[in-house]
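Here is how the chains run, residue by residue.
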Amino acid sequence: MHNYKELKIWQKAVELAELVYSSTADFPVEEKFGLTSQLRRAAVSVSSNIAEGAGRNSKGEFNQMLGIAYGSLCEIETQLTIANRLKLLKNENFEVLIDEIDVLQKMTFSLRKSLK
């Protein structure tokens, strides 16, 4: 349906995953299977769901996958808030990540609206 690699939303989602990986690199070892893993998996799922949706056969299916990506963005935002409150994440990193998530949420909402 769409070449997902050309979609700005997919490109920004990949950038978010990179930011999440670098921001969680210094999390404590005991969080390896906790917040670190959760955040990284959710971050990777955003671009993955956008790509999968773009490869589907209909706008409806693409819209559904964008909805899943949006849910993952909310999940990441929640987990980052917890990491920030636990002082695992510096405020500067937190703000940058939250800003990126906000941009992606708006892009996702707009794209979903255009598919209806």
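Residues numbered from 1 in each chain as written. Predicted model: local features only at pLDDT ≥ 70, side-chain atom pairs only at ≥ 80, totals over all residues. Heavy atoms only, no water.

Caption draft 1: Quick peek at the pattern of salt bridges. Enumeration according to the criterion identifies four salt bridges in this entry. Arg56 is the partner of Glu61 in a salt bridge, and the nearest nitrogen-oxygen pair spans 3.6 Å. The exposure class assigned to Glu61 is partly exposed, which follows from its relative accessible area of 27%. Where Lys106 meets Asp102, a salt bridge forms, and the shortest distance between an N and an O atom there is 3.1 Å. Taken together, the residues Lys106 and Asp102, both in helix H4 (residues 91–115) and four residues apart, mark about one turn of the helix. (Salt bridge = Lys/Arg side-chain N within 4 Å of Asp/Glu carboxyl O. Buried < 20%, exposed > 50% of the residue type's maximum accessible area, 1.4 Å probe, protein only. Helix = DSSP H or I, 4+ residues; strand = E, 2+ residues; numbered from the N terminus.)

Caption draft 2: Representation of the packing of aromatic side chains in the model. Scanning the entire structure with this criterion turns up one aromatic pair. Look at Tyr4 and Trp10: their rings are 5.2 Å apart centre to centre, the planes differ by 75°, and that puts the pair in the edge-to-face class. (Phe/Tyr/Trp six-rings, centres within 6.5 Å; stacked < 30°, edge-to-face > 60°.)

Caption draft 3: Focus on the packing of helix H3 (residues 59–85) against H4. At a closest axis distance of 10 Å, the pairing of H3 and H4 adopts a crossing angle of 165°. Judged on the interaxial angle alone, H4 and H3 are roughly antiparallel. Crossing handedness for the pair H3 and H4: left-handed. Partitioning the contact of H3 with H4 into residue classes produces 14 nonpolar, seven polar and three charged. (Axes fitted to C-alpha atoms, helices over the stretch in contact; angles between N-to-C directions. Parallel < 35°, antiparallel > 145°, perpendicular 65-115°, else oblique. Left-handed = near helix turned anticlockwise from the far one by under 90°. Nonpolar A, V, L, I, M, F, W, Y, C, P; charged D, E, K, R; others polar.)

Caption draft 4: Quick look at the nonpolar core. By size, the foremost hydrophobic cluster in this structure holds 30 residues, and its most contacted members are Leu16, Ile50, Ile76 and Leu80. Those elements giving two or more residues to this core turn out to be helix H1 (8–24), helix H2 (35–54), H3 and H4. Examining the composition of this core, we find that eight residues originate from one element, H2, more than from any other. For Leu80, the residues in contact, after removing those within four places along its chain, are Leu39, Leu89, Phe94, Leu97, Ile98 and Ile101. (Core = buried A, V, L, I, M, F, W, Y, C linked by side-chain atoms within 4.5 Å. Contact = heavy atoms within 4.5 Å.)

Caption draft 5: H4, seen in detail. End to end, H4 covers 36 Å across 25 residues, agreeing with the expected 36 Å (1.5 Å per residue, within 8%). Those residues of H4 that sit buried are Phe94, Leu97, Ile98, Glu100, Ile101, Leu104, Gln105, Thr108 and Leu115. Tucked inside the fold, the buried residues of H4 contact H1 and H3. (Expected span 1.5 Å × (residues − 1).)

Caption draft 6: Quick peek at the side chain of Gln105. Inspection of the secondary structure puts Gln105 in helix H4. Contact partners of Gln105, with chain neighbours within four places excluded, come to Tyr70, Leu73, Cys74 and Glu77.

Keep in mind these numbers describe shape, not what the thing actually does.
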